[in-house]
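Examination of the molecular architecture
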Amino acid sequence: MATVVELPRLSDTMEEGVVAKWRVQVGDKVKRGQVIAEIETDKATMEFESFDAGTVLALVAVEGQTLALGAAIAVLGQPGEDANAALAARSSVTVLPAPTPASSSAPAPAPAPVVAPKPVEASAPAPSPTPAPVEPTHIDPNERRIAASPLARRLVREHGLDLAAITGTGPHARIVKADVDRALAEGTGKLAAPGPGPAAAQAADEADAWGRPYVARPSEVIKPSQMRKTIARRMTQAKQDIPHYYLTIAIDMDAAAKLRAEINLAIDSNKVSFNDMIIKAVARSLRDLPDMNTVMVDGQVVRHGDVHVGVAVALDDGLVVPVVRYADQKSLEAIALEVRTLGKRAKAKQLKPNEMSGSTFSVSNLGMFGIDTFSAVINPGESGILAVGAIEPRAVVVDGQLAIRKCMNVTLSGDHRVNDGARGAVWLARVKTYLETPIKLFSDPTPVGSPAAPG
Amino acid sequence: METPEQDAVTVPETLKVAGKDETLHAYREMLRIRRFEETAARAYTRGKISGFLHLYIGQEAIAVGTRMAIESGDRIVTTYRDHGFALAQGCEPNACMAEMFGKKPGLVGGVGGSMHFFDRARGMWGGYAIIGNHVPVAAGHAFASKYTGDGRVTLCVLGDGAVGIGPTHEGMTLAGLWDLPIVFIVENNRYSMGTPLERTLPVEDITLRAPGYGMACDRFTVSDPFQVRDRIGAAVKRAREENQPTLIEVLTYRFRGHSMSDPAKYRGKGELEAHRARDPMEMTGRALRDIHGMTEADLDALDEAIIAEMDGAEQFADEAPQPDPEHRFRNIIIETTEENA
Amino acid sequence: MAILQIREAIREAIREEMVRDERVFLMGEEVGHYEGAYKCSQGLLDQFGPKRIIDTPITETGFAGVGIGAAMCGLRPIIEFMTFNFSAVAFDQIINNAAKIHHMTGGQFSCPIVFRGPNAAAHMLGSTHSQAFDAFYAHIPGLKVVAVATPYDAKGLLKAAIRDPNPVIFFEAELMYSVRGEVPDEEYVLEIGKADIKRAGSDVTLLTWGQAVPTSLRAAELAAEPSDGKRPLSVEVIDMLTLRPLDYAAVLASVRKTNRAVVAYHGWPHGGVGAELSDHIQRHAFDWLDAPVLRVCYEDIPMSYAENLEHLTIPQPEQILAALRQVAYV
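Anyway, here's the lowdown on the structure attached to this text. (Residues numbered from 1 in each chain as written. Chains lettered and ligands numbered in written order. Predicted model: local features only at pLDDT ≥ 70, side-chain atom pairs only at ≥ 80, totals over all residues.)

Here the focus is the overall build of chain B. Scanning chain B from N- to C-terminus turns up 12 helices and eight strands. Taking all 341 residues of chain B together, 53% fall into the buried category. Across chain B, the fraction of contacts at a sequence separation of at least 24, relative to all contacts at a separation of at least 6, is 77%. (Helix = DSSP H or I, 4+ residues; strand = E, 2+ residues; numbered from the N terminus. Buried ≥ 20, exposed ≤ 12 C-beta atoms within 10 Å, placed from the backbone. Contact = placed C-beta atoms within 7 Å.)

Further remarks concern the overall build of chain C. Scanning chain C from N- to C-terminus turns up 12 helices and 14 strands. A buried classification covers 62% of the 330 residues belonging to chain C. Within chain C, contacts between residues at least 6 apart in sequence are counted, and of these 78% link residues at least 24 apart.

Residues and elements named next belong to chain A. The N-to-C vectors of helix α3 (residues 150-159) and helix α4 (residues 177-186) enclose an angle of 25°; their axes lie 8 Å apart at closest approach. Comparing their axes, α4 and α3 come out roughly parallel. Contacts between α3 and α4 pair L151, A152, L155, V156 and H159 from the former with K177, D179, V180 and L184 from the latter. Counted by class, the contact of α3 with α4 contains six nonpolar, one polar and two charged residues. (Axes fitted to C-alpha atoms, helices over the stretch in contact; angles between N-to-C directions. Parallel < 35°, antiparallel > 145°, perpendicular 65-115°, else oblique. Nonpolar A, V, L, I, M, F, W, Y, C, P; charged D, E, K, R; others polar.)

Our next topic: the environment of G176 of chain B. All names here are of chain B. Take G176: it is sitting in helix α7 (residues 166-177). Exposure remark for G176: the 22 C-beta atoms within 10 Å place this residue in the buried category. For the pair G176 and P211, spaced 35 residues apart in sequence, the C-alpha to C-alpha distance is 9.3 Å.

Take the interface of chain C and chain A next. How large an interface is tends to be reported as the accessible area lost when its parts come together. Counting residues at the interface gives nine residues for chain C and 11 residues for chain A. Taken together, the residues of the side of chain C that touches chain A break down into five nonpolar, one polar and three charged.

Now for the interface of chain B and chain C. Contacts between the two partners involve 33 residues from chain B, matched on the other side by 34 residues from chain C. The dominant element in the side of chain B that touches chain C, judged by the number of residues it contributes, is helix α6 (residues 134-148) of chain B, at nine residues. Looking at the side of chain B that touches chain C, its residues break down into 18 nonpolar, 12 polar and three charged.

Our focus in this paragraph is helix α7 (residues 274-288) of chain A. Under the 1.5 Å per step criterion, the end-to-end length of α7 of chain A is 21 Å for 15 residues, consistent within 8% with the ideal 21 Å. With 13 of its 15 residues buried, α7 of chain A lies for the most part within the structure. (Expected span 1.5 Å × (residues − 1).)

Along the chain, R76 of chain C turns up in strand β4 (residues 76-80). The spatial distance from the C-alpha of R76 of chain C to the C-alpha of E17 of chain C is 9.8 Å, given a sequence separation of 59 residues.

Written as structure tokens, this is what we have:
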């Protein structure tokens, strides 16, 4: 029996995915463990290794097409086996295991579309000697969901339009010829990325004092990436579910800068950044004051045992948050090495799911963009996030004297459901202490379960 | 119904007066039919012939006698039990056997099988397998003869089982009404498939229907082919010369079941043996020995030659090719042309 | 150009063919002395005599079979059924003998015969006398099936049917025998298997035949000049004329132009000729279709006698109009 390859769950927050690229073709022999596709998840594009061996009978998923988890993407089997039969035999879609507590507030995955087998025309009574072979082919469940007349489909194909971008006016919102004609007349319904240059500009209905019309440009619909959709969903969820409070504090970074320069003189590579020091300070503070390392899950307050610090990494079209695990127990140097490696992999969209999951707190730094103060949104499942601004020389009063110091603002976003501003303030002060007396970062970590003041 | 008497196994008068050549001819023709059918039955058991196979064994004198009563150009229209009339009309055993084997050189190219023998050139106008539905068609042939004045007689053969069905009644009604040149020959072999005629006919004498159709009639138990020739010949003459139809009931007996799958358990004890004792073919053979001085060895030699002929037919059919695949699309609709319009 | 009724056109076709060909004869109930139940054979007995205009007893199986037997001998019978409902008793003759004989005899025999008469519903005749036999006969390989709705088509196609070397089922309609139309004075023969565009149009293809032709033309008029303010539709009405073989070329040419099709006919929907057309269109013009093919035909029930019930069962112009609008999304 042929095996249906399903869209794999490659991260704990992945609810849908895209076959970004097929690495095999119909007819190829596939070994167990062979990479057969690149799957774009909400966080990265990942190589997908086949769990099964066999010959590729059909590639069901079309590159770039969004599918629910468990949706059929390909069929493997013996050469000559009926891929459609295997697809038809799938009465339902694999049910995913329950989400982990950290992501339990994520909505349940949408059921995958049932992929119908390609209908085969009943053999006509014509005297044809052999029936036409049934060609295994891409079956696009998305396209199936759009009701359109056969003629409309053909016209859409011929004119290079996007069925999904046309509104149907027939029964059950069926797209009919008239709708395609209208789209052609109005210039709508085009496929995304309609070639170089912005959409056609035209004279606006307003003119300047000399009667010269301003230039009006139409809005464009941009298909969101998986990552963008995930960010949108999770940030919305965060702002809906988590009552944020914000605390900002200024930190004198002179000592940290001096120490950092000394450390970096001593090592050749993997120079330590301010951000690495901040991560270390945050981790140590969470270890010292674990009540800040708490989240609410199903009405219960859960205090994380571990300290895993997420580091927001900006990408061209979004951001990812690789995780430095057990950051409270890692050396500054180790953190520096890990953050650099993770950052590179994140830019290349090569992060593995476990490198992006399980963080209990995050650090977001926009200092390199000149931002001095900002508020970040808590990533659902985490206890808080520290928004780090730019380090800049400021005039400050030290011992009654005006002085110039390297200063930095950090803003804590806390979850008011599980702690309050006072506790956040104490914690933030602890972070400040670590950074203004950075040598403390090199003290032995406090043993697990016995919080103590840094010393 | 006349019942054969086991002790009355003397050579019939009609055989006694027949000449040696015609007696030998009739015997050979009957024996050919019988050996052909026995060969076919064997081929059936070997899986070479499928579908239905209805044997004529025991009734051969009717086909052979009828053939002697008609002219070339007259038409035989019969039932699905059609091998006897086909061979008597001169159809080639090779073509007949190949037809039953479903082969390309079959009588109708392998599309008809045992029940649908047609050979127009030899006056074999079918081979109809829907009981009674050939009776109006045969009346139509006779209608055409009367319409065109071609002088042909149509002989419509049916079984006792066909007299109750509607088309038989309608066909005979029209034949009688329009005075068509046709002879209806009811081969009464006493069984409508497995049901004895006491349970299928309200009145056993089928010719009692003839007056209702305005037809002459005749009824007799087959004794030998010359008796059949003479009795049917009279009706053929009436049809040809007076445009008058006749209904003839011929009392006969088939020695085999209705078809190959029929064990014929419905027969009475001793019934088959009694009829076998009066087998018209055996009677004809006896006449050849007793009257015309032929020896058992002469008849055996004849038999061996015929057996060889039929074995040859079986081998021919076995080795013949199947019809071409595209043959199934032929002869369904005729292209309209200037000539045939 | 003469104006004839359909019954006169049929009579003229028979008369001309009988004059032309000695082999042609007319046989059926009441065709001679009574001059036809619907007067299609009026005057023919006087002209041709009882040898060629033959009254039969009520024996459909008998005279259908006699016709077949005569055709096998080379004659050209025209068998009249007083109504095709009575052909049911001759069904075996037509399907087992007429349709099969050429094939079953390996081409030794042919059966050039015409079975003609009124088909489908008339007016308040009840279920047994109101049946459309289109699908029954169009189903059978070996037959040709024709249905006419104008005097011109009736004459030209009946002459073609009589000359055809195959068995031809020729459907007329009781309520249409008086329909008048132009018929050329000079001789003409139409080709069996060709549909005729009765009204050209560009928005919807309306396939029809027999009694549904005038109903369809009326529906096309209503669609073109709507009284209810809806968008007018240009409907192409195609009279199929031959139901076997169907003129698929004409159907596909039109559907590929209009992108939509409605089939309107007298007959039941289940397994009907309309279903056959729908199937063919969806297989061969799938990418041209902008809407599902719809059928307007009898409701799937036996015909009732009562006038209102009968009216509801038979396709009316309004129902066809609704179907035309449905496929045109109006």
